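Here is how the chains run, residue by residue.
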Amino acid sequence: MTPTTIAGVRLKGIASAVPKYVRVIEEDAKTFPDSDVSRIIENTGVRKRHVVIGNMCTSDLCYTAAERLFAESGVERNTIDALLFVSQTPDYILPATSCSLHGRLALDRHCASFDVNLGCSGYVYGLWLASNLIACGSAKRVLLLAGDTITRIAAPKDRSVALLFGDAGTATIMERDDNALPMSFVLGTDGNGQQNLVVLAGGFRFPRSEKTGLLSERESGNIRSDENLYMNGPEIFTFTLKEVPPMVKSLVTDYDAIDAIVMHQANKFILDYIAKRLKIPKEKLILTLENYGNTSSASIPLALTVALSDKLTVSSLNLLLAGFGVGYSWGAVTLTCGPIVMPELVIVPEDAAMQSRQQEV
């Protein structure tokens, strides 16, 4: 699509949450004794990741982030007109996880709630959807929850994914503000690439069976089942180089006007390559992979929380946000953000998930 502009909408606040358990790359590398740990770190940029254990779900992380954001922003729950949950790791096939979160967060019954099944580009798509709801008058205030727990579907002995992904959940409040500067969005899709980043079994096209859960050796000696995540790294890299540079150029021609660029934290090699190709000043490209890994739909708001909260809580910044990946799907937005409410990163203990489920029962 061509760039579109949405006016009169601002970000009120962003909160991010990660599980307490941390897995370091040296621990991961023991699974692959023939691996060069230093080379892995150099290519992916990942040294450690926050990973869910037990039955902790994406919804638990997003719930915790939302609760913290409500507490620190002073926003009343009954003023939320719509709840969007962007994730590829829902609680159930049905009902929508947004409905479950609506109940847990004690939102008003007038609040519309729905799920959006997107990953790497999901946060930008969520901003676009929320902004449109507000701009057209359907909502005055929207709660956008974005997160994933991809480690739940990444096979531990699949080198292409096991050392890369982390888990996180985020909450963003957006609201009507007639004085807010316009946001410019560009979005796109190429469904022909769906097979290169996919979980084959578990839906209705290929239901789970005794065979789909069996682990077997695949390409390059990777071991996984059809219920695990498959990623064709070279094809993803080719797609990224084809679509991301023109997407960015369609929105930005002068980096002097941009204070920071936050892309989906895919891996360091890809982001460095894109930055070099687009001649992005090194100091303006935000990288948070080292301590969190690739957190899918949560990676952009998590990066904002970790790297820019000191600035965004006291001043405004001109930002470029860009997501790209699974689908294939991509999206970018330029916006002026801040000052906003941005709590410190929330660390979620394992028993928080257990307590939330007890409350549901």
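Located above this text is the structure these notes cover.
Residues numbered from 1 in each chain as written. Predicted model: local features only at pLDDT ≥ 70, side-chain atom pairs only at ≥ 80, totals over all residues. Heavy atoms only, no water.

Draft legend 1. Focus on the sheet that holds strand β8 (residues 167-176). Spatial strand order, β6-β5-β7-β8-β2-β17: six strands in an open sheet with mixed pairing. Taken across any chain shown, the strands that pair with only one partner, and hence form the sheet edges, are β6 (112-116) and β17 (346-348). Shown here is a sheet whose adjacent strand axes are inclined to one another by a mean of 20 degrees, direction ignored. Note that strand β7 (residues 141-149) and β8 share nine bridges and pair antiparallel. Considered in β8, the bridge of Arg141 is made with Glu175. Helix α3 (residues 58-73) rests against β2 (9-19), β5 (82-86), β7, β8 and β17 of the sheet, and its axis sits at about 40 degrees to β8. Packed on one face of the sheet, helix α5 (residues 122-135) meets β2, β5, β6, β7 and β8 and runs near 20 degrees to β8. (Pairing = 2+ DSSP bridges. Helix = DSSP H or I, 4+ residues; strand = E, 2+ residues; numbered from the N terminus. Axes fitted to C-alpha atoms, helices over the stretch in contact; angles between N-to-C directions. Contact = heavy atoms within 4.5 Å.)

Draft legend 2. Quick peek at helix α2 (residues 37-44). Listed in full, the buried residues belonging to α2 are Ile40, Ile41 and Thr44. Viewed end-on, α2 has its buried residues packed into an arc of 95 degrees, placing them on one side of the element. Set apart from the buried face of α2 by more than 90 degrees, the exposed residues are Arg39 and Glu42. Looking at the buried positions of α2, the neighbouring elements they touch are α1 (25-29), α8 (268-278) and α9 (289-292). Gly45 sits one or two residues past α2 and shows a positive phi near 80 degrees. (Buried < 20%, exposed > 50% of the residue type's maximum accessible area, 1.4 Å probe, protein only. Arc of directions from axis to C-beta.)

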